[in-house]
Amino acid sequence: MKNYSAKEIKNIVLIGAPGAGKTTLAEAMAFEGKVIDRRGSIENNNTISDNTDIEHEYKRSIYSTTLFTEFMDRKLNIIDCPGSDDFCGSLFSAFKVGDVGVMVLNAQNGWEVGSELQSRYARILNKPLIGVVNQLDGDKANYEATLDGIRANSSVKPVIVQYPVNQGSGFDSFIDVLMMKLYKFVDENGKREEYPIPESEMERAQALNQELAEAAAVYDDALMELYFEKGSLTQDDIRAGLKLGVSKRDIMPIFCASGKRDIGTKRLMEFIINVGPGPLKAPAFLSTEGEEILANDNEPAVVFVFKSQLEQHIGEITYFRVVRGKVTEGMELVNSRTGNKEKLSQLFAVAGKNRIKVTELSAGDIGCTVKLKGTRTNDTLAAAGAHVKVEPIVFPEPRYRAAVKAKEQGDEEKLGKLLNKTTNGETPFHCEVYFINKTVQMAIKWGTDSKVRFLDPILGIPLEIGACGELNLAVSDSRKLLIKLVGTMRGIAWGENGVGFTKSIQNSFRPLISTAVKTHLSSAIKAGNINLLEIDEHMTQL
């Protein structure tokens, strides 16, 4: 596999509602670039994108998947994101390293809630969009209704590049008003034939071509003058104007597709390569100091980690984008967070479940490596002396919280280590573990060792009162809690399978609890002017 420079790379993110067909479209892209020699399907559990057991079970994307394709002597890095908002954190990490979003819409459902949510995230992250009306071969496909939904709901104005001739179960043709051709697909492997636009469609096609030229001319004074002078623009002129409009997030070009039948895939990729912003034209990465980090091959290397993943028999896989410079196999970089050196012993281009070994990756490219010692998501690796740290991904708040129970008593510590290893506290799946077994053990009965002496405010009689109760604790990090409350882990015996732990906890906590209760009880009764005989009624308050 050749090494691609920044000007030969495009990084795209596939977004859209669940069931829009993102994974199937990604499969078609990989097939057209000959990364795979046959297309898999969701139904057969053999796509390169959805490749985990849980994704096979639910027939949907759970994780974002990085893959690539080679087309027109260019490399397209593709990140296929889950459509469900439950996993929206994947979209945030993908857009950190992706330069343009491809919004995929199901022609049978139109603009959906998932379309709205993911479009909103693209707006928040200031990422340009290209639209694809997919599944036009569906029985209930409705291109016009889908387009109306985009117009009514999208913050980015849609401009038509293609429209279908025969949507529905027999869909095999569309008209491209940029190329001014009719494309007809003769099989389900992307083979297409080009025809002149038929007379019956010419008026509509010419009108849409004019609209496309007008939309392109808006963004360049020279193009506007040319348009007024000639009344039209060439294909190259239109592309130049659309490139500016897309980059500004003002317009969203609309394409036709059936990912399942590989219809429209090549034209979409041609457009992305010719018009979509790449590493050199997209907004530069920023450092934590607010400085731009340009995609320059000749500067010291800077790498940003956007994803970490554990894989059986391999261990941790670290996915990254080369922000600046070049990285080569065997190179040593410094982790900006820890200050420790990390060796890139192996480099891979990523094609979903497949990894292709490479010797170097240039600025703007995406790849992965394995077996780094202390690097995790959001870390920056830089050449020695570079002293730069990339601004981290800001993940959304988690949607759900859940308790975790270790199956075997005494395995809580192992469970905590495992969860922390997979999340590192840097993904949307924040680790907040409540050990149920340990909670039961830590039902601590306590009582004050001495009496509290105070004067009853009404009767004026000096009284001595003791207190007792039971304290139930749910612990997410027992070591941290103990050190905070007790000051040290010394004297806290774990023992075999937890035997002795409860007694150690009680012995360590009892003086603290007793002192706190005595102090609070006395002051609260006095401050509240509570009668001795009414203490029971005020116990909750106390």
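What counts, and where the lines are drawn
- Counting restarts for each chain, with residues numbered from 1 along the sequence as it is written.
- Where local features are concerned, this predicted model is filtered to residues with pLDDT of at least 70; where side-chain atom pairs are given and counted, the filter is 80 or more; whole-chain, interface and lining totals use all residues.
- To get the side-chain values, all heavy atoms of the structure are used, and hydrogens and water are removed first.
- Numbering of helices and strands starts at the N terminus; helices are DSSP runs of H or I of at least 4 residues and strands are runs of E of at least 2.
- Type-normalised accessible area, obtained with a 1.4 Å probe on protein chains alone, sets the label of each residue: buried when under 20%, exposed when over 50%, and partly exposed for intermediate values.
- Note on definitions: a residue-residue contact is assigned when non-hydrogen atoms from the two residues lie within 4.5 Å.
- Accessibility throughout is a Shrake-Rupley quantity obtained with a 1.4 Å probe, and a residue counts as covered only by protein chains that appear here.
- Pairs were defined over the aromatic rings of Phe, Tyr and Trp, the Trp ring being its six-membered one, requiring ring centres within 6.5 Å. Orientation was assigned from the angle between planes: stacked under 30 degrees, edge-to-face over 60, tilted for the rest.
- For a Lys NZ or an Arg CZ to count as sitting over a ring, it must be within 6 Å of the ring centre and within 35 degrees of the ring normal.
- What counts as a salt bridge is simple: a side-chain nitrogen of Lys or Arg found within 4 Å of a carboxyl oxygen of Asp or Glu.
- A residue's pLDDT is the predictor's confidence in that residue, given on a scale from 0 to 100.
- Two strands qualify as a pair provided that DSSP identifies no fewer than 2 bridges between them.
- Here the axes come from fitting lines to C-alpha atoms, over the contacting stretch only for helices, and the angles between their N-to-C directions go from 0 to 180 degrees.
- Given a helix with a known number of residues, its expected span is that number minus one, times 1.5 Å.
- In this analysis, a patch consists of residues with relative accessible area above 30% that form no salt bridge, clustered at 9 Å for like charges and at 5 Å for the nonpolar side chains Val, Leu, Ile, Met, Phe, Trp and Tyr.
- Residue type decides the class: Asp, Glu, Lys and Arg count as charged, Ala, Val, Leu, Ile, Met, Phe, Trp, Tyr, Cys and Pro as nonpolar, and the leftover types, Gly among them, as polar.

1. Digging into the overall build of the protein chain
Broken down by element type, the protein chain carries 13 helices and 27 strands. Here the protein chain holds 542 residues, and 51% of them are scored as buried. Look at the contacts in the protein chain between residues 6 or more apart in sequence, and 67% of them connect residues 24 or more apart. Per element, the accessible surface of the protein chain, about 26000 Å² overall, is 49% carbon and sulfur.

2. Section: the packing of aromatic side chains
In this structure the tally under the stated criterion is 7 aromatic pairs. Here the aromatic rings of phenylalanine 285 and phenylalanine 304 are separated by 6.5 Å at their centres, their planes lie at 50°, and the arrangement is tilted. Of the two residues, phenylalanine 285 is situated in strand E12 (residues 285-286) and phenylalanine 304 in strand E14 (residues 302-311); the sequence distance between them amounts to 19 residues. With respect to burial, phenylalanine 285 and phenylalanine 304 carry one shared label: buried. Taken together, the ring pairs in this structure connect Phe174, Tyr183 and Phe185 into an aromatic cluster. In this structure, lysine 307 packs its charged tip against the face of tyrosine 319, placed 5.1 Å from the ring centre.

3. Remarks on unusual backbone geometry
A positive phi angle, near 60°, is found at lysine 34, a position not held by glycine. Relative to the helices and strands, lysine 34 is located in the loop between helix H1 (22-32) and helix H2 (53-58). Among the residues examined, lysine 34 registers a relative accessible area of 73% and is labelled exposed.

4. Re the pattern of salt bridges
Evaluation of the coordinates by the stated rule reveals 18 salt bridges. Its salt-bridge partner being lysine 357, residue glutamate 329 comes within 2.2 Å of it at the nearest N-O pair. Note that glutamate 329 is positioned in the loop between strand E16 (326-328) and strand E17 (332-335) and lysine 357 in strand E20 (residues 354-358), a separation of 28 residues in sequence. Look at the salt bridges and you will find they share partners, linking Asp176, Arg192, Arg267 and Glu270 into a network.

5. Let's talk about the confidence of the model for the protein chain
The predicted coordinates ought not to be read in detail in places where the model reports low pLDDT. The pLDDT averaged across the protein chain works out to 85; a share of 76% of its residues lies at or above 70. Here residues 429-444 is a poorly scored stretch, pLDDT under 50, and it has 56 contacts once near neighbours within four places are set aside; other chains count. Contacts of residues 494-499 to residues separated by more than four positions or lying in other chains number 8 contacts, the stretch itself having pLDDT below 50.

6. Observations regarding the sheet that holds strand E7 (residues 162-164)
Across the sheet, 4 strands lie side by side as E7-E8-E9-E10; this open sheet has antiparallel pairing. In the strand order of this sheet, the two ends are held by E7 and strand E10 (192-195), each with one partner. In this sheet, adjacent strand axes meet at a mean angle of 25° when their direction is disregarded. Pairing of E7 with strand E8 (residues 173-176), which is carried by 3 bridges, proceeds in the antiparallel orientation. Note on E8: the bridge partner recorded for proline 164 is phenylalanine 174. Set on the sheet, helix H6 (residues 199-217) makes contact with E7 and E8; between it and E7 the angle comes to about 150°.

7. Regarding helix H4 (residues 113-124)
Given a rise of 1.5 Å per residue, 12 residues ought to cover 16 Å, and the 17 Å separating the end C-alpha atoms of H4 matches this to within 8%. When H4 is considered as a whole, its buried residues turn out to be Gly114, Ser115, Leu117, Gln118, Ser119, Tyr121 and Ala122. Lining the buried residues of H4 we find strand E1 (9-15), helix H3 (89-97), strand E4 (100-106) and strand E5 (129-134). Looking one or two residues beyond H4, the residue adopting positive phi is asparagine 126, at roughly 60°.

8. Considering a nonpolar patch on the surface
A surface patch of nonpolar side chains, about 310 Å² in accessible area, is lined by Ile54, Tyr58 and Tyr63. Examined against the element boundaries, tyrosine 58 turns out to sit in helix H2.

9. Let's talk about the packing of H6 against helix H7 (residues 221-230)
Axis separation between H6 and H7 bottoms out at 8 Å; the angle between their running directions is 145°. Judged by residue contacts, Gln210, Ala213, Glu214, Ala216 and Ala217 of H6 engage Leu223, Met224 and Tyr227 from H7. When grouped by side-chain class, the residues that make up the contact of H6 with H7 number 6 nonpolar, 1 polar and 1 charged.

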